[in-house]
Amino acid sequence: MSKIFIMGSGSFGTALAILYSKDNDVILWGRAKEKLEVLKKSRENTHYLPGVTIPEKVLISDDINLSKDCSFIIVAVPSVVVKESVTKLKGIIKDDAIIVLVSKGLNQVTYEPLYKDIEEVLPKNKVVVLSGPSHAEEVSRGCLTSVVAASSDSSAAKKVQELSQNTNLRIYTSTDPLGVSLAGAFKNIIALAAGICDGLKTGDNTKAALMTRGLAEVDRLAVCLGAKFETVH
């Protein structure tokens, strides 16, 4: 059993709190006190995950100091506030606590992957990028899901794999956090274009061509930026 601190009480943060609470002590942290009070009373995130109960054993709080003794810190806040949020952890968390990043996207100023912001702010802590084709509502309901835990430190990725894997969640490991981060960000561009195809009613052939050629473009761009081809492809 591990002690886990989840930053972000939105859809994925709540889903992971439900998932991890089966075998661990979980703290779900958020910034908005009023919203957290509603979560405490209703034990349901009605805005993001209606109908899914948050177990009573999940501690819901806005106290950042509760991260002090946690072995895993899961960052599930919006990408634009990742750096700001993890800065709150400085001087509080243990040096051997593993930071698990599930937020997708790039820094909007530097265009660097988000895990590099965390490494800059918390240089003593190992960072693992946990990403893959997963919807929060399905994770919260125990649907079969597969994701990747990626880190330059393979032992840290392995620990996250062991923490997360169960009968409904399959975790693979990778030593290419850059590739996993870029794939997670770039796929949204293809997804938006696929949605436009649906809106224009261009048909399945057009969308299939978009996805096939889009993947090729993502491959080439990610490799140019330093990712491994096999990670993205």
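Further up the page is the structure itself.
Predicted, not measured: the structure shown is a model, and the values here were computed from it.

A. Spotlight on unusual backbone geometry. Despite not being glycine, Arg43 has its phi angle at roughly 55°, a positive value. Its identity is not glycine, yet Tyr111 carries a phi of approximately 65°, on the positive side. Of note, Tyr111 is situated in the loop between β5 (98-101) and α4 (114-121).

B. The arrangement of the environment of Ala15 in detail. Among the secondary structure elements, Ala15 is positioned in helix α1 (residues 11-20). In this structure Ala15 comes out as buried when scored by relative accessible area, which is 0%. The sequence separation of Ala15 and Glu137 amounts to 122 residues, and the corresponding C-alpha distance is 6.8 Å. The contact partners of Ala15, leaving out residues within four places of it in the chain, are Leu49, Ala136, Val139 and Ser140.

C. View of the pattern of salt bridges. Under the counting rule described, the total for this entry stands at nine salt bridges. One salt bridge connects Lys116 with Glu112, and the closest N-O pair in it is separated by 3.7 Å. The exposure class of Lys116 is partly exposed, given its relative accessible area of 35%. Across the pair Lys126 and Asp153 runs a salt bridge, and its minimum N-O distance is 3.4 Å. Remark: Asp153 occurs in the loop between β7 (145-150) and α6 (154-164) and Lys126 occurs in the loop between α4 and β6 (127-131); sequence separation between them is 27 residues. Judged by relative accessible area, Lys126 falls into the partly exposed class, the value being 44%. Judged by its relative accessible area of 18%, Asp153 falls in the buried class.

D. Representation of the pairing of strand β1 (residues 3-7) within the structure. Judged by how many residues are buried, β1 sits mostly within the fold: four of five residues are covered. Handedness of the crossover joining β1 and strand β2 (residues 25-29) through α1 is recorded here as right-handed.

E. Looking closely at helix α7 (residues 177-200). Between the first and last C-alpha of α7 there are 35 Å, a value that for 24 residues agrees with the 34 Å anticipated at 1.5 Å per step. Tucked into the core, α7 has its buried residues touching α4, β6, β7, β8 (169-174), α8 (204-224) and α9 (229-232). In the stretch just after α7, Lys201 is the one whose phi turns positive, near 55°.

Procedures and definitions
Along each chain, residues carry numbers from 1 onward, in the same order as the chain's sequence is written. Only residues with pLDDT of at least 70 get local features here, since the model is predicted, and only at 80 or more are side-chain atom pairs given and counted; chain-wide, interface and lining totals rely on the full set of residues. Hydrogen atoms and water are omitted, and side-chain values are computed over all heavy atoms in the structure. Under the DSSP-based scheme used, a helix requires at least four consecutive residues in state H or I and a strand at least two consecutive residues in state E, with every element numbered from the N terminus. Remark: exposure states derive from per-residue accessible area (1.4 Å probe, protein chains only) relative to the maximum for the residue type, with buried under 20%, exposed over 50%, and partly exposed in between. Here, two residues are considered to be in contact whenever any of their heavy atoms come within 4.5 Å of each other. Within this document, salt bridges are pairs made up of a side-chain nitrogen of Lys or Arg and a carboxyl oxygen of Asp or Glu, the two lying within 4 Å of each other. We call a crossover right-handed when, viewed with both strands directed away from the observer, the connection leading from the first strand over the helix to the second proceeds clockwise. Multiplying one less than the number of residues by 1.5 Å gives the expected span of a helix.

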